[in-house]
Amino acid sequence: MSTRHFRSIGVDPATGKEAFVAARPGGLLEELADEHALKAAAVLVTVVGAVLEAGRSSEPELAAFVPSLHAALEECVGIMAADRER
């Protein structure tokens, strides 16, 4: 039995609020959530890469990225694991 968890599918441009769904495995909403997660991870990689490349950040500034990086990595690993199960 798999547990459902809410996944983001982006921000509603009209309200500025993040939209979440309880997606069924293999469904359209899961596909949208996967696409959003991968795009968000790509943006995060770009931002963190630019910060690291600049080389002027303090340890606390760099540490602030850790929770976001962990969440993005966890989401991407979940996507890969779900793809393997299909």
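The structure contained in this document is the topic of the report that follows. Within any chain, residue numbers begin from 1 and follow the written order of that chain's sequence. Per-residue local features are limited, in this predicted model, to residues with pLDDT of at least 70; the limit for side-chain atom pairs, both in listing and counting, is 80 or more; totals at the level of whole chains, interfaces and linings are taken over all residues. Computation of side-chain values: all heavy atoms of the structure, hydrogens and water removed.

**Considering the pairing of strand β1 (residues 7-11)**
Relative to strand β2 (residues 18-21), β1 is paired through four bridges, and the arrangement is antiparallel. Bridge assignment links Ser8 to a residue of β2, and that residue is Phe20. Following β1, the chain reverses through six residues before pairing antiparallel with β2; Gly16 in that reversal takes a positive phi of roughly 80°. Pairing between strands is defined by DSSP: at least two bridges between them are needed. Only DSSP runs of H or I covering at least 4 residues are called helices, and only runs of E covering at least 2 are called strands; the numbering of each starts at the N terminus.

**A few points about a nonpolar patch on the surface**
Taken together, the side chains of Ile9, Leu28, Leu29 and Leu32 make up a nonpolar region of the molecular surface, amounting to roughly 330 Å² of accessible area. Among the elements that line the nonpolar patch, the one with the most residues is helix α1 (residues 28-54), at three residues. Inspection of the secondary structure puts Leu32 in helix α1. What makes a patch is a set of residues exposed beyond 30% relative accessible area and free of salt bridges, joined within 9 Å when like-charged and within 5 Å when nonpolar (Val, Leu, Ile, Met, Phe, Trp, Tyr). Values of accessible area rely on a 1.4 Å probe in the Shrake-Rupley scheme; residue burial ignores everything except the protein chains shown. By salt bridge we mean one thing: a side-chain nitrogen of Lys or Arg within 4 Å of a carboxyl oxygen of Asp or Glu.

**Some points on α1**
To estimate the expected span of a helix, subtract one from its residue number and multiply by 1.5 Å. Taking 1.5 Å of rise per residue, the 27 residues of α1 would be expected to cover 39 Å, and the 39 Å separating its terminal C-alpha atoms lies within 8% of that figure. Remark: exposure states derive from per-residue accessible area (1.4 Å probe, protein chains only) relative to the maximum for the residue type, with buried under 20%, exposed over 50%, and partly exposed in between. The complete set of buried residues in α1 reads Glu30, Ala33, Asp34, Ala37, Ala41, Leu44 and Val48. Backbone geometry just downstream of α1 places Gly55 in the positive-phi region, at approximately 65°.

**Re the pattern of salt bridges**
This model, assessed by the stated rule, comprises three salt bridges. For Arg7, the salt bridge is made with Asp34, and the minimal N-O distance between the two is 2.7 Å. Placement of the pair is Arg7 in strand β1 and Asp34 in helix α1, with a sequence separation of 27 residues. The exposure class of Asp34 is buried, given its relative accessible area of 11%. Glu35 serves as the salt-bridge partner of Lys39, at 3.2 Å between the closest nitrogen and oxygen. Taken together, the residues Lys39 and Glu35, both in helix α1 and four residues apart, mark about one turn of the helix. Linked through salt bridges whose partners overlap, the residues forming this network are Arg7, Asp34 and Glu75.

That's the geometry; what it means functionally is another story.
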